[in-house]
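# Structural description and commentary
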Amino acid sequence: METAREQSKPLPAVIRAVLFASLASILLIVATALCVWQNVMGETAVYIAIPLIKAVCASIAAITVMRSNCRRRVLFAGAAGLLYIAFAFAVYCLMSAEFSLSASFLLDMLIGTAAATLTALIIHMLPAKD
């Protein structure tokens, strides 16, 4: 059993996860834009790609938290997915210079939390490496 000294704090792990997921989100959005620009995929495919990118990046945030050594990693992994969506929404609002809270934001929060929590639960159920 690990002692309290060996366990890391959850807040730095969550912040690191949100920033890492945001970086992954930027890279995936640029890759999607390049695919549309090169006519690899149609413009309507973006409506499918963006929610998938959000779910994948929320899962990346969960994986980052699950690799930390903090207590209640599954709980904080779900919180990291939620905070990633909130951070992405805040960046979007700053870039577009408008703020509108809508049902799509609530749906994005649900998708991010669910994807992160499910990823964390799957990782938690996997057998530990020795």
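Everything that follows concerns the structure shown earlier in this document.
Computed from a predicted structure; not experimentally measured.

With that settled, the discussion passes to the side chain of Thr64. Inspection of the secondary structure assignment puts Thr64 in helix H2 (residues 46–66). Side-chain polar atoms of Thr64 contact the backbone oxygen of Ile60, separated by 2.8 Å. If near-sequence neighbours (up to four positions away) are discounted, Thr64 is found in contact with Arg16, Ala17 and Phe20.

Our next topic: the environment of Leu27. Inspection of the secondary structure assignment puts Leu27 in helix H1 (residues 10–37). Remark: the alpha-carbon pair of Leu27 and Leu52, spanning 25 residues in sequence, is separated by 13 Å.

Note on placement: Ile53 falls in helix H2. Looking at Ile53, the relative accessible area reads 7%, which means it is buried. Those residues within four positions of Ile53 in sequence are excluded, and the remaining contacts are Ser25, Leu28, Ile29, Thr32 and Tyr84.

Our focus in this paragraph is the layout of surface pockets. Taken as a whole, the largest pocket encloses approximately 580 Å³ of empty space. Along the walls of the largest pocket sit 21 residues, with Ile29, Lys54, Ala88, Phe89 and Tyr92 positioned nearest its centre. For the lining of the largest pocket, the secondary-structure elements that each account for two or more residues are H1, H2, helix H3 (73–96) and helix H4 (103–125). Among the elements that make up the lining of the largest pocket, the one with the highest residue count is H3 (8 residues). Reported here for the second largest pocket is a volume of approximately 320 Å³. Around the second largest pocket sit Ile63, Met66, Arg67, Arg73, Ile123, His124, Leu126, Pro127, Ala128 and Lys129, which together line it. Counted by class, the lining of the second largest pocket contains 6 nonpolar, 1 polar and 3 charged residues.

Attention shifts here to a nonpolar patch on the surface. A surface patch of nonpolar side chains, about 610 Å² in accessible area, is lined by Leu11, Ile15, Leu19, Phe87, Val91 and Met95. Here Leu11 lies in helix H1.

With that out of the way, let us pick up unusual backbone geometry. Residues apart from glycine generally show negative phi values, whereas peptide bonds are mostly found in trans. Of note in the backbone geometry, Asn39 takes a positive phi value of approximately 60 degrees without being a glycine. Looking at the element boundaries, Asn39 is found in the loop between H1 and H2. The phi dihedral of Arg72 falls on the positive side, at around 55 degrees, and the residue is not glycine. Topologically, Arg72 is positioned in the loop between H2 and H3.

All right, on to H4 then. Between its first and last C-alpha atoms H4 spans 33 Å; for 23 residues at 1.5 Å apiece the expected length is 33 Å, and the two agree. If you check which residues of H4 are buried, you get Phe105, Asp108, Gly112, Ala115, Ala116, Thr119 and Ala120. Buried residues belonging to H4 abut H2 and H3.

Each value, and the rule that gives it
Residues numbered from 1 in each chain as written. Predicted model: local features only at pLDDT ≥ 70, side-chain atom pairs only at ≥ 80, totals over all residues. Heavy atoms only, no water. Helix = DSSP H or I, 4+ residues; strand = E, 2+ residues; numbered from the N terminus. Polar contact = N/O pair within 3.5 Å; in protein donor to acceptor, adjacent residues only side chain to side chain. Contact = heavy atoms within 4.5 Å. Buried < 20%, exposed > 50% of the residue type's maximum accessible area, 1.4 Å probe, protein only. 1 Å grid on protein atoms, 1.4 Å probe; cavity = no way out; pocket = protein on both sides within 12 Å on 5 of 7 lines; lining within 4 Å. Points joined across faces, edges and corners; volume = space filled by probe spheres on them. Nonpolar A, V, L, I, M, F, W, Y, C, P; charged D, E, K, R; others polar. Patch = residues over 30% accessible without salt bridge, like charges linked within 9 Å, V, L, I, M, F, W, Y side chains within 5 Å. Areas by Shrake-Rupley, 256 points an atom, 1.4 Å probe, with all protein chains shown as cover. Salt bridge = Lys/Arg side-chain N within 4 Å of Asp/Glu carboxyl O. Expected span 1.5 Å × (residues − 1).

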